[in-house]
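Chain by chain, the residues run as shown.
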Amino acid sequence: MSALGSLIRRDIRIALRVGGGALIGVLFFLTVVVLMPFAIGPDLNLLARLGPAILWLGALLASLLTLDRLFMADHDDGSLDLILMSRTPLELTCAAKALAHWLAAGVPLVVATPVLGLLLNLDGSATAAVALTLLVGTPALTFTGMIGAALAVTLQRGGLLLAVLVLPLSIPVLIFGVAASNAAIVEQGTMSFSTPFSILCAISLASLVIGPFAAAASLRHGMD
Amino acid sequence: MTLTELANPTRFLSLATRVLPWLAMLTAVLLVFGLYQAALAPDDYQQGATVKIMFIHVPNAWLAMFVWGVMSVASLGTLVWRHPLADVAAKAAAPIGAAFTFLALVTGSLWGRPMWGTYWEWDARLTSVLILFLMYLGLIALWRAVEDPSRAARAAAVLTLVGAINIPIIKFSVDWWNTLHQPASVIRMAGSALDKSFLTPLLIMAVAFSLLFITLHLAAMRNEILRRRLRSLQMLQASKPVALP
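Residue indices follow the written sequence of each chain, beginning from 1 at its first position. Each chain is given a letter, starting from A, and each ligand a number, starting from 1, according to the order in which they appear as written. The predicted origin of the model limits local features to residues at a pLDDT of at least 70 and limits the giving and counting of side-chain atom pairs to 80 or more, whereas totals for whole chains, interfaces and linings rest on all residues. Heavy atoms throughout the structure, all of them, feed into the side-chain values; hydrogens and water do not.

As recorded in an unreviewed UniProt entry, chain B goes by the name Heme exporter protein C, listed as coming from Tardiphaga alba. UniProt positions are given in the numbering used here, feature names are shortened, and annotations may be inferred rather than shown by experiment. Of the comments in the UniProt record for chain B, the one headed Sequence similarities (unreviewed entry) reads "Belongs to the CcmC/CycZ/HelC family." Under the Function (unreviewed entry) heading, UniProt states for chain B: "Required for the export of heme to the periplasm for the biogenesis of c-type cytochromes."

The name given to chain A in an unreviewed UniProt entry is Heme exporter protein B, with Tardiphaga alba as the source organism. Under the Sequence similarities (unreviewed entry) heading, UniProt states for chain A: "Belongs to the CcmB/CycW/HelB family." Here chain A is described in UniProt, under the heading Function (unreviewed entry), as follows: "Required for the export of heme to the periplasm for the biogenesis of c-type cytochromes."

Okay, here's the thing in structure tokens:
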């Protein structure tokens, strides 16, 4: 357990320090959201209608941007080989690394959401709903994305391929995340918030199980 | 002959060479017969002659999902038994599956235009099949990104098994979400909803398309084995010390 704990602490520390790139994700998220009014016009009602979708897309792209650092940096400095050789089960190590990645890169996105919601003219309850769905949904993005990151780390130039492989897998998360947010904002009363929200929770829990095993398998097979 | 004997690439090659001409002939005969039966089938009282697109569209859609299933089984073979023939089977199936998926999407949208008034609709079945097509393309890209075939096989096998989650979603999408696409009508607990005059040609076409897949798959596997032999011969040639003049 102490090995996993120190691994999580190490990953978070690297991610938050200079060149770690976790907080760049938030900056990217902000930039995507700021770009939207330029693309679709500054109509505040339209922005409030599209708000959840914009926030979800921004978070999805931002988490994708930081994903390839999950194993790539360790691969470059050789510590991935040490992790593979250690006595801790690789599945647990993968889960710990994904948890650290989510804490360093996913949680800041959720924290930034209320500020960005102001820019998109979302009211308090709507912002809370979007932030809640992001809080539940971003672990699923990290844990499914980890499979792609583990596949890409064994390739020579896997960065672009990572996006192609991961994005189709993240579509269900996007669908139910936006559906739950929309139910809380646009169709208040006509659609239930809890149905898509619980499906989103289920997807997150399932990816928590599948992700580490698939990532560990592809690391084990890819690195030898 | 046991399965392990059959799984020997050399034995497989000789068997495939013997079986392929017969399979190809049988496929051609059955395809012609099925198309003839489909042409004889009556027009639908609502849809008119356009219902005949079904005889091409439905087998393509079935095969699109079936090929991913074949690849998933082959991926298990790759990961569990590390058998090189399983790698070959998975790799050879991916482009064929992508082609079936593409044809299902194209014929579906050609059918959708007169029936639903639109080429494309973002409903659950259509969207999930489009995702399947994207995943086929991603998988082919992954196969091509890794130079060493056995490493590529293991990476692709993991992705194939993760992507297999999509198959039940496609199958049940018309039951779970109430959308434009019609619900399942051929394979149901309560028996088929199709009239016999439509069902018989459809089943013949389904068998013909399955045979077409098996023929193409065997041929592609044979080509892939030969390609790998060629590659290893080239590597051997390149690693030989050069005699200096």
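Novice: Would you mind showing me how to read the UniProt feature "transmembrane region" (unreviewed entry) in chain B here?
Specialist: Residue and element names in this part refer to chain B. In this numbering, the UniProt entry assigns the feature "transmembrane region" (unreviewed entry) to residues 20-41, 61-81, 93-112, 124-143, 155-174 and 198-221. Working definition: helices are DSSP H or I runs of at least four residues, strands are E runs of at least two. Numbering for both runs from the N terminus. As annotated, residues 20-41 has a helix share of 95% and a strand share of 0%, and its two end C-alpha atoms lie 31 Å apart. With 100% helix and 0% strand, residues 93-112 has its two end C-alpha atoms placed 28 Å apart.

Novice: Any chance you could explain the side chain of Ser79 of chain A here in plain terms?
Specialist: Residue and element names in this part refer to chain A. If you trace the backbone, Ser79 turns up in helix H5 (residues 79-85). The cut-offs for exposure are 20% and 50% of the maximum accessible area for each residue type, with area from a 1.4 Å probe on protein chains only; residues under the lower value are buried, those over the upper are exposed, and the others partly exposed. You can call Ser79 buried: its relative accessible area is 14%. Apart from the residues within four sequence positions on either side, Ser79 is in contact with Arg10 and Asp74. Any two residues whose heavy atoms approach within 4.5 Å at even a single point are treated as in contact.

Novice: What exactly am I supposed to notice about the UniProt feature "transmembrane region" (unreviewed entry) in chain A here?
Specialist: Residue and element names in this part refer to chain A. The UniProt record marks residues 21-40, 46-67, 99-120, 126-153, 160-185 and 197-219 with the feature "transmembrane region" (unreviewed entry), using the residue numbering of this structure. A helix fraction of 95% and a strand fraction of 0% characterise residues 21-40, whose end C-alpha atoms lie 29 Å from each other. Between the first and last C-alpha atoms of residues 46-67 the distance is 31 Å; the span itself is 100% helix and 0% strand.

Novice: Sorry if this is basic, but what is going on with the interface of chain B and chain A here?
Specialist: One frequent convention defines the size of an interface as the accessible area lost when the parts assemble. In this assembly, 18 residues from chain B lie in contact with 18 residues from chain A. For any pair of parts, buried area is found by adding up, for both, the accessible area (1.4 Å probe) each one loses once the two are put together. Together chain B and chain A conceal approximately 1,600 Å² of surface at their shared face, both sides included; 79% is due to carbon and sulfur atoms. Contact with chain A buries surface across chain B, with Arg151, Val158 and Val162 of chain B losing the most and accounting together for 29% of the total. Salt-bridge detection follows one rule: a side-chain nitrogen of Lys or Arg within 4 Å of a carboxyl oxygen of Asp or Glu. In this structure, the connection of chain B to chain A is made through zero salt bridges. Definition of a polar contact: a pair of N or O atoms within 3.5 Å, with one able to donate and the other able to accept a hydrogen when the atoms are protein atoms, and with sequence-neighbouring residues admitted only if both atoms are side-chain atoms. Run the count over chain B and chain A and you get two residue pairs in polar contact (both at pLDDT 80 or more). Broken down by secondary-structure element, the contributors of at least two residues to the side of chain B that touches chain A are helix H5 (124-145) and helix H6 (149-163) of chain B. By residue class, the composition of the side of chain B that touches chain A is 14 nonpolar, one polar and three charged. Charged means Asp, Glu, Lys or Arg here, nonpolar means Ala, Val, Leu, Ile, Met, Phe, Trp, Tyr, Cys or Pro, and polar covers whatever is left, Gly included.

Novice: What am I meant to see in the pattern of salt bridges here?
Specialist: If charged atoms from side chains of opposite charge come close, those side chains can pair. Residues and elements named next belong to chain A. Within the structure shown, the criterion is met by eight salt bridges over all chains. With a shortest N-O distance of 2.8 Å, Lys97 and Asp11 are connected by a salt bridge. Residue Lys97 is located in helix H6 (residues 90-119), and its partner Asp11 is located in helix H1 (residues 2-16); the two are separated by 86 residues in the primary sequence. Each member of the pair, Lys97 as well as Asp11, is classed as buried.

Novice: Which parts of the structure should I look at to understand the environment of Gly117 of chain B?
Specialist: Along the chain, Gly117 of chain B turns up in the loop between helix H4 (84-116) and H5. In this structure, the C-alpha to C-alpha distance between Gly117 of chain B and Gly163 of chain B, residues 46 residues apart in sequence, is 32 Å.

Novice: Looking at this structure, I do not really get the nonpolar core. What am I missing?
Specialist: Within soluble globular proteins, side chains that are nonpolar generally end up buried alongside one another. The definition of a nonpolar core used throughout is a set of buried Ala, Val, Leu, Ile, Met, Phe, Trp, Tyr and Cys residues joined through side-chain atoms within 4.5 Å. In terms of nonpolar packing, the biggest core is built from 69 residues, with Phe55, Trp68, Phe100 and Leu142 of chain B touching the most fellow members. It is H4 of chain B that contributes the most residues to this core, 12 residues altogether. Once you skip the residues sitting within four places of it in the chain, Phe100 of chain B turns out to touch Asn60, Leu63, Ala64, Val67, Phe209 and Phe213 of chain B. Judged by nonpolar contacts, the second largest core, of 30 residues, contains Val33, Ile54, Ala59 and Ala62 of chain A.

Novice: Could you clarify how one ought to interpret the packing of aromatic side chains in this entry?
Specialist: Geometry of an aromatic ring pair is reported as the spacing of the ring centres plus the angle between the planes. To pair, rings of Phe, Tyr and Trp, with the six-membered ring standing in for Trp, must have centres within 6.5 Å; the planes then decide the type, stacked if under 30 degrees apart, edge-to-face if over 60, and tilted in the middle. Per the counting criterion, the structure on display carries five aromatic pairs over all chains. Here the aromatic residues Phe66, Phe100, Phe209 and Phe213 of chain B are joined through ring pairs into a cluster of three or more.

Novice: What exactly am I supposed to notice about the packing of helix H4 (residues 69-77) of chain A against helix H7 (residues 124-153) of chain A here?
Specialist: Residue and element names in this part refer to chain A. At a minimum axis distance of 8 Å, the contact between H4 and H7 shows a crossing angle of 30°. With respect to their mutual orientation, H4 and H7 come out roughly parallel. Crossing hand, H4 versus H7: right-handed. In this structure, H4 contributes Leu70, Phe71, Met72 and His75 to the contact, and H7 contributes Met146, Ala149, Ala150, Ala152 and Val153. Its residues placed into classes, the contact of H4 with H7 shows eight nonpolar, one polar and no charged. Only C-alpha atoms enter the line fits that serve as axes; for helices the fit covers just the stretch in contact. Angles between N-to-C directions range over 0 to 180 degrees. Each angle receives one of four descriptions, namely roughly parallel if under 35 degrees, roughly antiparallel if over 145, roughly perpendicular if within 65 to 115, and oblique otherwise. Crossing handedness is read from the near helix: turned anticlockwise from the far helix by less than a right angle, it gives a left-handed crossing, and turned clockwise, a right-handed one.

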